[in-house]
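A look at the structure
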Amino acid sequence: MAGQPLFSILNEDGSCEEAYRGLLTDDEVRQALDAMILNRILDRRLLMLQRQGRLAFWMTSRGEEATILGAAASLLPEDPIFLSYRELGCLLWRRIPLPLIFNQLIGNNRDLCLGRQMPVHYCYKEWAIPSVSSPVGTQLPHACGFGYAAKMRGTGQVALAFCGEGTASEGDFHTALNFAGVFATPTIFVIRNNGYAISTPESSQTAAESLAVRAEGYGMPGFQVDGNDLLAVVKVLGEAVDRARSGGGPTLVEAMTYRMGPHSTADDPSAYRSDDEAAEWNRLDPYERLKAHGIWRGIWSNEEEATIQASWDERVVATLAECERHPPPRIESLFEGVLETVSPQLEAQRDAYLAAHRRRQRDEFEVP
Amino acid sequence: MAETGSLNMIQALGNALDHYMERDEMAVVLGEDVGAFGGVFRVTAGLQEKYGAERVFDTPLAEAGIVGMAIGMGLGGLRPIVEIQFADFIFPAFDQIVNELAKYRYRSGGQYAPRVLIRTPYGGGIRGGHYHSQSPEAYFAHTPGLRVVVPSGPYEAKGLLLGALECADPVIFLEPKRIYRSAKGEIPLDYYTLPLERARLVKKGEDITLVAWGAMLHTCQEAVALAEGEGYDVELIDLQSIAPYDLHTLVRSVTKTGRMAVVHEAPMTCGFGAELVAAVQAEAFDHLRAPLLRITGFDTPFPYSLEDHYLPSAERILRGLVETIEY
């Protein structure tokens, strides 16, 4: 509970109490290490791509992977995850094919969302990932409503929503948790408390000792957890998921973590964070901690890491190159899907624009 | 011959909801005081008793939460029907409506399209001051991805509400509360729908086209009668659907009459009348015989003591009609 020392499971040498070992199978630990490796390769490469002008935007999640993957690992594949925007790891855990992720980032004609949103605004219904939007916190009441629907329809699903600690200041945070409490929906709210909303420190968001304490005001249990400790996250969220699935209602979990990179490609964290602070968090790097745990379990090694890294590196480069070859979506698609059918007003705008566009193309073509 | 009954607009809307709840077991009614109490205007009266508290329920007092939750319910396969107690209180939910609900189908490439219908009483003439009188249709009509529908009587209220509930798009269903009880009619008690997107020709006429919606339609009918007394023949159109709107019917009418006046309660500047005037002049320019006219509320907050001056009256409308015809 908030106020207590932060709940952790992994010791510095990678060991853990025997009782906790079963929280994840060996295969799941390997899957998480694999996903973290891929996550970091993508962070590095996509940041570079953005710097080269080949990608409009990228948001890093380095440092927060344990929270993100731990949440995904606690759920069933059919449980919806309402992403904030920094949770690439959930896509990787659910094994959404890389091309589908890259197609979204590029906004090409193979993007399931038809190139309609900026990078990282994912939506993969087949993998129970509803659409990401930029206004923060709006997804939280959606998770409450989805939970209500799941409960009423008896689907057994649990809805999980992410937000940052900055978003906990939004009105939607309050209404979502209050509604979830009142209707006892199977909904889990995970705050990735990474210390900063862009440049604004947590101390500017709240005067309370923690965000988890708010749970009491909403009539639900609230927990703080070491967000860089995959096993601790899985333990706390696993219990929350079980509680939700068995009719016990919502839970608020505040995962204490750190964004090791910039907020986005438009940000420079050195302007507001000290090197000392970053160094302290480097010591708690979630990948390094899980890697030590894998070695302690005897299922991981430096050689294996290098092999997997190289293999992902190669696949990422090749897949990106392939996805970059696809053209933008058809111009006609701009006008589709606003309503179920095209309105007469939009139809007139579309016809006029497309006629002019085709004329222009023809004229350009005919210029000697 | 199907059974009919004499219903006011509240009863007609309640009857429509009852029919729909019966047909679609995924339909859920939520809002403030809509449960056992049946809504402050009584539209949802009896629904909780009939369909249970899981499908008809009161929410905490938070409009953004209500709409946000409804979107999630829609994503989860339910068919939420939201009541926002007064349209003036819809603005805390504006972000959820404009950024989330309206864009969901588009932004997800059609993967998700939550079917959320939001009913809300709107409009003035009830001594409600700033916060129980406003007409927010233009805000929502300006947002791609929403339908905005306004009925003007019990027959339309029931048919349009059922039409809107059958439709897969998010709908803002604005209910003119001034005529909630006063607009009565003999209407079919069976299930029926009216097509969205179609304006209704209320009365044929030759001299000018008069366009209105909601409660203003009734004020316009008074004005049409007064005009008739002075020898003018007015064609009256109930727009019904604000977004998308039936330009075709307006243009066909104005092509004949050469004149048009649009009446609404909302302020003039950037009101929906501006859109209609702009679109009609572009399509019927060669047929126009006078400037197209807007007769509307003023660019002030909705007043309390002086609301009769603010709202277009039959006399004000008549004056506008005559001046335009005699232009």
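Residues numbered from 1 in each chain as written. Chains lettered and ligands numbered in written order. Predicted model: local features only at pLDDT ≥ 70, side-chain atom pairs only at ≥ 80, totals over all residues. Heavy atoms only, no water.

1. Examining the overall build of chain A
In terms of regular secondary structure, chain A is built from 13 helices and 7 strands. Computed over its C-alpha atoms, the radius of gyration of chain A comes to 22 Å, within 12% of the 21 Å expected for a compact globule of 368 residues. Dimensions of chain A, computed from C-alpha atoms along their principal axes, come out at roughly 75 × 50 × 40 Å. Considering chain A as a whole, with its 368 residues, one finds that 56% of them fall into the buried category. Of the contacts made within chain A by residues no fewer than 6 positions apart, 75% connect residues no fewer than 24 positions apart. As displayed, chain A has an accessible area near 15,300 Å², and 51% of this comes from carbon and sulfur atoms. Once the 35 positive and 50 negative side-chain charges of chain A are each reduced to a mean point, those two points are 6 Å apart. (Helix = DSSP H or I, 4+ residues; strand = E, 2+ residues; numbered from the N terminus. Rg over C-alpha atoms; globule rule 2.2 N^0.38 Å. Buried < 20%, exposed > 50% of the residue type's maximum accessible area, 1.4 Å probe, protein only. Contact = heavy atoms within 4.5 Å. Areas by Shrake-Rupley, 256 points an atom, 1.4 Å probe, with all protein chains shown as cover. Lys, Arg positive; Asp, Glu negative; His and termini not counted. Charge placed at Lys NZ, Arg CZ, Asp CG, Glu CD.)

2. Quick notes on the sheet that holds strand S3 (residues 187-193) of chain A
All names here are of chain A. Read across the open sheet, the 5 strands follow the order S1-S2-S3-S7-S6; overall the sheet is parallel. The open sheet terminates on both sides in strands that have one partner only, identified here as strand S1 (81-82) and strand S6 (222-226). Bridge count between strand S2 (residues 159-164) and S3: 6 bridges; the pairing is parallel. If you follow Ala161 over to S3, its bridge partner there is Phe189. The strands touched by helix H9 (residues 230-245) within the sheet are S2, S3, S6 and strand S7 (251-256), with S6 carrying the most contacts at an inclination of about 155°. (Pairing = 2+ DSSP bridges. Axes fitted to C-alpha atoms, helices over the stretch in contact; angles between N-to-C directions.)

3. What about the packing of helix H6 (residues 139-153) of chain A against helix H3 (residues 63-75) of chain B?
At their nearest, the axes of H6 of chain A and H3 of chain B sit 6 Å apart, and the two run at 50° to each other. Judged by the angle between their axes, H6 of chain A and H3 of chain B are oblique. The way H6 of chain A lies across H3 of chain B gives a crossing that is right-handed. Facing Pro141, His142, Cys144, Gly145, Phe146, Tyr148 and Ala149 of chain A of H6 of chain A, the residues of H3 of chain B in contact are Gly65, Gly68, Met69, Ile71, Gly72, Met73 and Leu75 of chain B. Grouping the constituent residues of the contact of H6 of chain A with H3 of chain B by class yields 9 nonpolar, 5 polar and no charged. (Parallel < 35°, antiparallel > 145°, perpendicular 65-115°, else oblique. Left-handed = near helix turned anticlockwise from the far one by under 90°. Nonpolar A, V, L, I, M, F, W, Y, C, P; charged D, E, K, R; others polar.)

4. So, the interface of chain A and chain B
Contacts between chain A and chain B engage 43 residues on the former and 45 residues on the latter. Summing the contributions of chain A and of chain B, the shared interface buries around 3,600 Å²; its carbon and sulfur component is 64%. The tally of links from chain A across to chain B stands at 0 salt bridges. Scanning the region where chain A abuts chain B turns up 16 residue pairs in polar contact (both at pLDDT 80 or more). Among the secondary structure elements, those contributing two or more residues to the side of chain A that touches chain B are H6, helix H7 (171-183) and helix H13 (344-366) of chain A. Residue contributions to the side of chain A that touches chain B peak at 9 residues, all from H6 of chain A. Residue composition of the side of chain A that touches chain B, by class: 24 nonpolar, 13 polar and 6 charged. (Buried area = accessible area lost by both parts, 1.4 Å probe. Salt bridge = Lys/Arg side-chain N within 4 Å of Asp/Glu carboxyl O. Polar contact = N/O pair within 3.5 Å; in protein donor to acceptor, adjacent residues only side chain to side chain.)

5. As for the sheet that holds strand S12 (residues 241-243) of chain B
Neighbouring strands of a sheet are bound in pairs by backbone hydrogen bonds; such pairs are parallel or else antiparallel. All names here are of chain B. Ordered in space as S3-S2-S4-S5-S7-S6-S12, the 7 strands form an open sheet in which the pairing is mixed. Looking at the sheet topology across the chains shown, the edges are occupied by strand S3 (56-58) and S12. Within this sheet the neighbouring strands show an average axis-to-axis angle of 20°, counted without direction. Taken strand by strand, helix H7 (residues 154-166) contacts strand S4 (79-83), strand S5 (117-122), strand S6 (147-149) and strand S7 (171-176), and its axis lies near 165° from that of S7.

6. As for helix H5 (residues 98-106) of chain A
All names here are of chain A. Here H5 lies mainly inside the structure; 7 of its 9 residues are buried. For H5, every residue scored as buried is listed here: Leu98, Leu100, Ile101, Phe102, Asn103, Gln104 and Leu105. Buried positions along H5 lie against helix H2 (26-51), helix H4 (88-93) and helix H12 (302-324). Phi turns positive one or two residues past the end of H5, at Gly107, with a value near 75°.

7. Describing empty space enclosed by the protein
If a probe the size of a water molecule is rolled over the atoms, the empty space left behind becomes visible. Tallied over the full model, the rule gives 2 cavities of 30 Å³ or more. Space inside the largest cavity adds up to approximately 50 Å³. Along the walls of the largest cavity sit Val338 of chain A together with Leu101, Ala102, Tyr104, Arg105, Ala113, Pro114, Gly145, Ala168, Asp169 and Pro170 of chain B, which together make up its complete lining. Its residues assigned to classes, the lining of the largest cavity shows 8 nonpolar, 1 polar and 2 charged. Of all the elements, strand S13 (residues 260-267) of chain B adds the most residues to the lining of the second largest cavity, at 3 residues. Of the residues that constitute the lining of the second largest cavity, the class distribution is 5 nonpolar, 2 polar and 2 charged. Mapped onto the domain boundaries, the lining of the second largest cavity takes at least three residues apiece from domain 1 (4-188) and domain 2 (200-325) of chain B. (1 Å grid on protein atoms, 1.4 Å probe; cavity = no way out; pocket = protein on both sides within 12 Å on 5 of 7 lines; lining within 4 Å. Points joined across faces, edges and corners; volume = space filled by probe spheres on them. Domains from an automatic or database assignment.)

8. Structural notes on the domain arrangement of chain B
Residues and elements named next belong to chain B. The assigned domain composition of chain B is domain 1 (4-188) and domain 2 (200-325). Here the C-alpha centroids of domain 1 and domain 2 sit 26 Å apart. At the interface, 26 residues of domain 1 touch 27 residues of domain 2. In this assembly, domain 1 packs against domain 2 so that about 2,100 Å² is buried in total across both faces, 54% of it on carbon and sulfur atoms. Linking domain 1 with domain 2 are 3 salt bridges, by the criterion used here. Between Glu307 and Arg127 there is a salt bridge, and its shortest N-O distance comes to 2.5 Å. The interface formed by domain 1 and domain 2 holds 15 residue pairs in polar contact (both at pLDDT 80 or more) in total. If you list the elements that add at least two residues to the side of domain 1 that touches domain 2, you get helix H6 (137-141), S6 and H7.

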